[in-house]
Amino acid sequence: MGALPGTTGRRRLYPMRHGVVDYTSAEVRAAQDPSIAYLTETGRDEAKAAGIALSDFKLDLAFHTCLRRTEETAQIVLAQHDLAAPQLEAESRFQELRSGQ
């Protein structure tokens, strides 16, 4: 596999888990669907801290699963980025194999 334009050929991956979510919210309980859980205030603070930690790294690509919590986490991380942040893309191949029900 060739290097991306402007790189030295080395690639670094920064996999990240979403921040803390509320699986017991009224919305999740009513829908009986944990996939719609969203970040708590603590989860948003965690995502912001991760974004600050990565803010000096040049990112070429940014993906999230199609879950609300992973998209929200990624958006917060990229908002902290000092350098030009890449376009955030949904990637359905990263979905959980078996989500807890």
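None of these values were measured; they are calculated from a predicted model.

Caption draft 1: Region of the structure containing the overall build of the chain. Within the chain, the regular secondary structure consists of three helices and two strands. Going from the N terminus to the C terminus, the chain shows its helices and strands as α-α-β-α-β. Here the chain, with 101 residues, has 30% of them falling under the buried criterion. Long-range pairs, those at least 24 residues apart, make up 67% of the contacts in the chain between residues at least 6 apart in sequence. Put simply, the chain shows about 7,200 Å² of open surface, and 53% of that area lies on carbon and sulfur atoms.

Caption draft 2: Up close: helix H3 (residues 68–79). For H3, spanning 12 residues, the distance from its first C-alpha to its last is 16 Å, which sits close to the expected 16 Å at 1.5 Å a residue. Restricting attention to buried positions, one finds in H3 the residues Arg69, Thr70, Glu72, Thr73, Ala74, Ile76, Val77 and Leu78. Contacts from the buried residues of H3 go to helix H2 (41–53), strand E1 (62–64) and strand E2 (88–90).

Caption draft 3: Inspection of the confidence of the model for the chain at higher detail. Per-residue confidence for the chain gives a mean pLDDT of 87, with 87% of residues at or over 70. Of all secondary-structure elements in the chain, the lowest mean pLDDT belongs to E1, at 93, while H2 reaches the highest, 97.

Caption draft 4: Quick peek at the nonpolar core. Listed in full, the eight residues of the largest apolar core are Val21, Val28, Ala37, Leu39, Ala47, Leu54, Ile76 and Val77. Leave out the neighbours within four places in its chain, and Val21 touches Ala37, Tyr38, Leu39, Thr40 and Arg69. Core analysis: the second largest hydrophobic core is formed by five residues, Leu59, Ala62, Ala74 and Leu78 among them.

Caption draft 5: The arrangement of unusual backbone geometry in detail. A positive phi angle is found at Gln32, which is not glycine, with a value near 50°. As for its position among the elements, Gln32 is in the loop between helix H1 (26–31) and H2.

Caption draft 6: Structural detail: the pattern of salt bridges. Under the counting rule described, the total for this entry stands at five salt bridges. Across the salt bridge formed by Arg44 and Glu41, the nearest N and O atoms sit 3.1 Å from each other. Separated by three residues within a single helix, Arg44 and Glu41 lie in helix H2, roughly one turn from each other. Between Glu72 and Arg44 there is a salt bridge; the shortest N-O distance is 3.5 Å.

Caption draft 7: Summary view of the environment of Arg93. Considering the arrangement of structural elements, one finds Arg93 in the segment after E2. Along the sequence, Arg93 and Thr65 sit 28 residues apart, while their C-alpha atoms lie 7.6 Å from each other. One polar contact links Arg93 to Glu91, side chain to side chain, over a distance of 2.9 Å.

Thresholds applied
- Residues numbered from 1 in each chain as written.
- Predicted model: local features only at pLDDT ≥ 70, side-chain atom pairs only at ≥ 80, totals over all residues.
- Heavy atoms only, no water.
- Helix = DSSP H or I, 4+ residues; strand = E, 2+ residues; numbered from the N terminus.
- Buried < 20%, exposed > 50% of the residue type's maximum accessible area, 1.4 Å probe, protein only.
- Contact = heavy atoms within 4.5 Å.
- Areas by Shrake-Rupley, 256 points an atom, 1.4 Å probe, with all protein chains shown as cover.
- Expected span 1.5 Å × (residues − 1).
- pLDDT = per-residue confidence, 0-100.
- Core = buried A, V, L, I, M, F, W, Y, C linked by side-chain atoms within 4.5 Å.
- Salt bridge = Lys/Arg side-chain N within 4 Å of Asp/Glu carboxyl O.
- Polar contact = N/O pair within 3.5 Å; in protein donor to acceptor, adjacent residues only side chain to side chain.

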